[in-house]
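Chain by chain, the residues run as shown.
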Amino acid sequence: MRILKLTSTVESNLLRARHERDREAEHIAAGIIADVRKRGDAALAAWAKKLDGIQLGRIGFWVSQREIKAAREQVSAEFLRAIRHAERNTRRVAEKQLPRPWSLEVESGVTVSQLVRSIDSIGCYIPGGRFALVSTLLMTVVPAQVAGVPRITVVCPKPNPELLAAASLLGVTQIARIGGAQAIAALAYGTENIARVDKVFGPGNRFVTAAKQLVSSDCGIDLPAGPTEAIVLAAKGDAKWIAADLLAQAEHAPDAGSFLVTPSAGLARAVKEEVRARLTKLSPNNPAHSSMRKTGAILLAPSLEAACVFSNRFAPEHLSLPHNPGALLKKINAAGTIFLGPWGAQPLGDYISGSNHVLPTGGWARMRGGLSATDFVKCISVQSIKRNGFGRLAADAIRLAQAEGLLAHANAVEVRR
């Protein structure tokens, strides 16, 4: 893991690298999407065989209810308790996040109110790389259930017993054995077996991310989910704990970005040594090796203030403030999620604290927060205007319409006077 001085050049290089378009992934994803739109299930089966080694024609597109129920018998009671614990916390947070209906009389005879209605149908993409991510199932399905979404379709190319057992606990019944860009295309446009949905949720690899962006003009998506990012910002702290947090996010993928930003050269050296020592204990196949060598870095800032400025420009997916969190939090205005204090191990947020782990990457945290129950509903404004309210509004509405040259607008008011 490199130690770099946080100069303007280093910062520019880091920020620029995150915004380079993956044209190769876009090209490949576009071809797959076009094929699925043209050939439907036949294309899904062909791509599943080619990319995932799955014979959909033999085992079927959908996981059977018998398989889902049987999976609960294959996992431990401890695992099921952990799922229930994570579900309970995630549900409590989602319920707090859910927008509420309201009504306001803005002036006599004029009332504006808000209806909250769930999205009719959603698709939850569960990555199926080395392991099917059970936590992603929780983070997408639970807030959707809290929002009252009637139809939830889960897609995962290789659902394992743990994923199916969790789905059983959550009451999920529609699980398709498809993945990659072809799954995104099926959810966005529909096939003979897969009904289209209104919005797609969940992270994936570069081809899934490219596919989500390509279909976004026809189907809603949650947020762009690029490579995992983590910053630990501190002048002091336990080097072992900081190194452990950096490695936890680095093992997501070889292109994950884990950074310590600190004004302390001593802490920088100590964390570098801890990272090196802990890497030797991980399997050579763990992506953290590649991530820490190619992408991760320790950035030596000229001051804690400069470190905060950089963090806000970077707008990381995960941000840890292990030392003096109260003071530093006042200086932070862009991050997907923030962990305060030394006990805020980042994996707690990935799994069980209740906060959603589907978070903005690539600087999107400057514009929005992480996934929440609000992403699964529509807030619809309703206007109730009575006769006396019309009388109060009409003249000024006509003046404003005339100022814009929209005479039909003015007339629609005038004819009622």
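For the structure given in this document, a descriptive report is provided here. Predicted model, so just to flag it, every value in this text is computed and none were measured.

Brief notes about the overall build of the chain
And then number 1: From N to C terminus, the chain includes 18 helices and 14 strands.
And then number 2: Taken over the C-alpha atoms alone, the chain extends approximately 80 × 60 × 45 Å along its principal axes.
And then number 3: A burial count over the chain gives 49% of its 417 residues as buried.
And then number 4: Within the chain, counting contacts between residues at least 6 apart in sequence, those at least 24 apart form 72% of the total.
And then number 5: Accessible surface, the chain: about 20300 Å² in total, of which carbon and sulfur atoms supply 53%.

Observations concerning helix H11 (residues 239-250)
And then number 1: Counted at 1.5 Å a residue, the expected span for H11 with its twelve residues is 16 Å, and the 16 Å between its end C-alpha atoms agrees.
And then number 2: For H11, every residue scored as buried is listed here: Ala 239, Ile 242, Ala 243, Asp 245, Leu 246, Leu 247, Gln 249 and Ala 250.
And then number 3: Residues of H11 that are buried in the fold lie against strand S9 (229-233), strand S10 (257-262), helix H12 (265-279), helix H13 (288-294), strand S12 (318-321) and helix H16 (346-351).

Side note on the sheet that holds S12
And then number 1: Strand order in the open sheet made by the six strands is S1-S11-S10-S9-S12-S13, with parallel pairing throughout. With one partner strand each, in any of the chains shown, strand S1 (2-5) and strand S13 (337-340) form the two edges of the open sheet. The average undirected angle you get between the axes of adjacent strands in this sheet is 20°.
And then number 2: Here four bridges tie S10 to strand S11 (residues 297-300), and the two strands are oriented parallel to one another.

Focus: the pairing of S13
And then number 1: Here S13 shows a clear split, with Thr 337 and Phe 339 buried on one side and none of Ile 338 and Leu 340 buried on the other.
And then number 2: Note that S12 and S13 share four bridges and pair parallel. Considered in S13, the bridge of His 318 is made with Thr 337.

Considering the packing of helix H17 (residues 387-403) against helix H18 (residues 407-414)
Each pair of packed helices gets described by two things: the angle between the helix axes and the distance between those axes.
And then number 1: Where H17 meets H18, the closest approach of the two axes is 8 Å, and the angle between their N-to-C directions is 160°. Judged on the interaxial angle alone, H18 and H17 are roughly antiparallel. As for the relative orientation of H17 and H18, their crossing is left-handed in sense. Of the residues in H18, those touching H17 at Phe 390, Ala 394, Ala 397, Ile 398, Ala 401 and Gln 402 are His 409, Ala 410, Val 413 and Glu 414.
And then number 2: Taken together, the residues of the contact of H17 with H18 break down into seven nonpolar, two polar and one charged.

As for the pattern of salt bridges
And then number 1: Applying the stated criterion across every chain yields a total of 14 salt bridges.
And then number 2: Of the charged contacts in the structure, one is a salt bridge between Arg 177 and Glu 67, with a shortest N-O distance of 2.7 Å. Taken together, the residues span a long stretch of sequence, with Arg 177 in the loop between strand S6 (174-176) and helix H9 (180-189) and Glu 67 in helix H5 (residues 65-74) at a distance of 110 residues.
And then number 3: Judged by its relative accessible area of 10%, Arg 177 is buried.
And then number 4: Across the salt bridge formed by Arg 417 and Glu 414, the nearest N and O atoms sit 3.5 Å from each other.
And then number 5: Residue classification places Glu 414 among the partly exposed positions, given a relative accessible area of 39%.
And then number 6: Here the salt bridges share partners, and the residues they tie into one network are Asp 22, Glu 24 and Arg 206.

A closer look at the nonpolar core
And then number 1: Ranked by internal contacts, the top residues of the largest apolar core, which has 44 residues, are Ile 122, Leu 137, Val 141, Val 154, Ile 175 and Phe 376.
And then number 2: When contributions to this core are tallied by element, the ones reaching two or more residues are H5, helix H6 (77-97), strand S4 (121-125), helix H7 (134-147), strand S5 (151-155) and helix H8 (161-170).
And then number 3: The dominant element in this core, judged by the number of residues it contributes, is H7, at nine residues.
And then number 4: Non-local contacts of Phe 376, meaning those with residues more than four positions away in its chain, are made with Ser 118, Ile 119, Ile 122, Thr 140, Pro 143, Ala 144, Ala 147, Val 149, Phe 201 and Leu 371.
And then number 5: Grouped together as the second largest cluster of nonpolar side chains are 32 residues, Ile 32, Tyr 125, Ala 210 and Val 215 included.

Some details on the sheet that holds strand S8 (residues 220-221)
And then number 1: The strand order across the open sheet formed by five strands is S6-S5-S4-S7-S8, and the pairing between neighbours is parallel. A single partner strand is all that each edge strand has here, and the edge strands are S6 and S8.
And then number 2: Bridge analysis of S4 against S5 gives five bridges, and the strand direction is parallel. Counterpart to Ser 121 in the pairing with S5 is Arg 151.
And then number 3: The strands touched by H9 within the sheet are S4, S5 and strand S7 (199-201), with S4 carrying the most contacts at an inclination of about 175°.

Things to note about the packing of H6 against H8
And then number 1: Contact geometry of H6 with H8 gives a least axis separation of 10 Å together with a crossing angle of 50°. The orientation of H6 relative to H8 falls into the category oblique. Between H6 and H8 the crossing geometry is right-handed. Across the interface between the two elements, Phe 79, Leu 80, Ile 83, Arg 84 and Glu 87 from H6 touch Glu 162, Ala 165, Ala 166, Leu 169 and Leu 170 from H8.
And then number 2: Of the residues contributing to the contact of H6 with H8, the split by class is seven nonpolar, no polar and three charged.

Things to note about the packing of aromatic side chains
And then number 1: One pass over the full model with this rule turns up four aromatic pairs.
And then number 2: Both rings, one in Phe 259 and one in Phe 314, keep their centres 5.5 Å apart while their planes meet at 70°; by these two values the pair is edge-to-face. Residue Phe 259 is found in strand S10, and its partner Phe 314 is found in helix H14 (residues 304-314); the two are separated by 55 residues along the sequence.
And then number 3: Its relative accessible area of 4% is what places Phe 259 among the buried residues.
And then number 4: Judged by relative accessible area, which is 2%, Phe 314 ranks as buried.
And then number 5: Seen in terms of ring centroids, Phe 310 and Phe 314 are 5.7 Å apart; in terms of plane orientation they differ by 40°. Their pairing is tilted. Pair noted here: Phe 310 and Phe 314 are both in helix H14, with a separation of four residues, about one helical turn.
And then number 6: Arg 37 extends its terminal NZ or CZ atom over the ring of Tyr 189, reaching a point 3.8 Å from the ring centre.

What counts and what doesn't
- Residues numbered from 1 in each chain as written.
- Predicted model: local features only at pLDDT ≥ 70, side-chain atom pairs only at ≥ 80, totals over all residues.
- Heavy atoms only, no water.
- Helix = DSSP H or I, 4+ residues; strand = E, 2+ residues; numbered from the N terminus.
- Buried < 20%, exposed > 50% of the residue type's maximum accessible area, 1.4 Å probe, protein only.
- Contact = heavy atoms within 4.5 Å.
- Areas by Shrake-Rupley, 256 points an atom, 1.4 Å probe, with all protein chains shown as cover.
- Expected span 1.5 Å × (residues − 1).
- Pairing = 2+ DSSP bridges.
- Axes fitted to C-alpha atoms, helices over the stretch in contact; angles between N-to-C directions.
- Parallel < 35°, antiparallel > 145°, perpendicular 65-115°, else oblique.
- Left-handed = near helix turned anticlockwise from the far one by under 90°.
- Nonpolar A, V, L, I, M, F, W, Y, C, P; charged D, E, K, R; others polar.
- Salt bridge = Lys/Arg side-chain N within 4 Å of Asp/Glu carboxyl O.
- Core = buried A, V, L, I, M, F, W, Y, C linked by side-chain atoms within 4.5 Å.
- Phe/Tyr/Trp six-rings, centres within 6.5 Å; stacked < 30°, edge-to-face > 60°.
- Lys NZ or Arg CZ within 6 Å of the ring centre and 35° of its normal.

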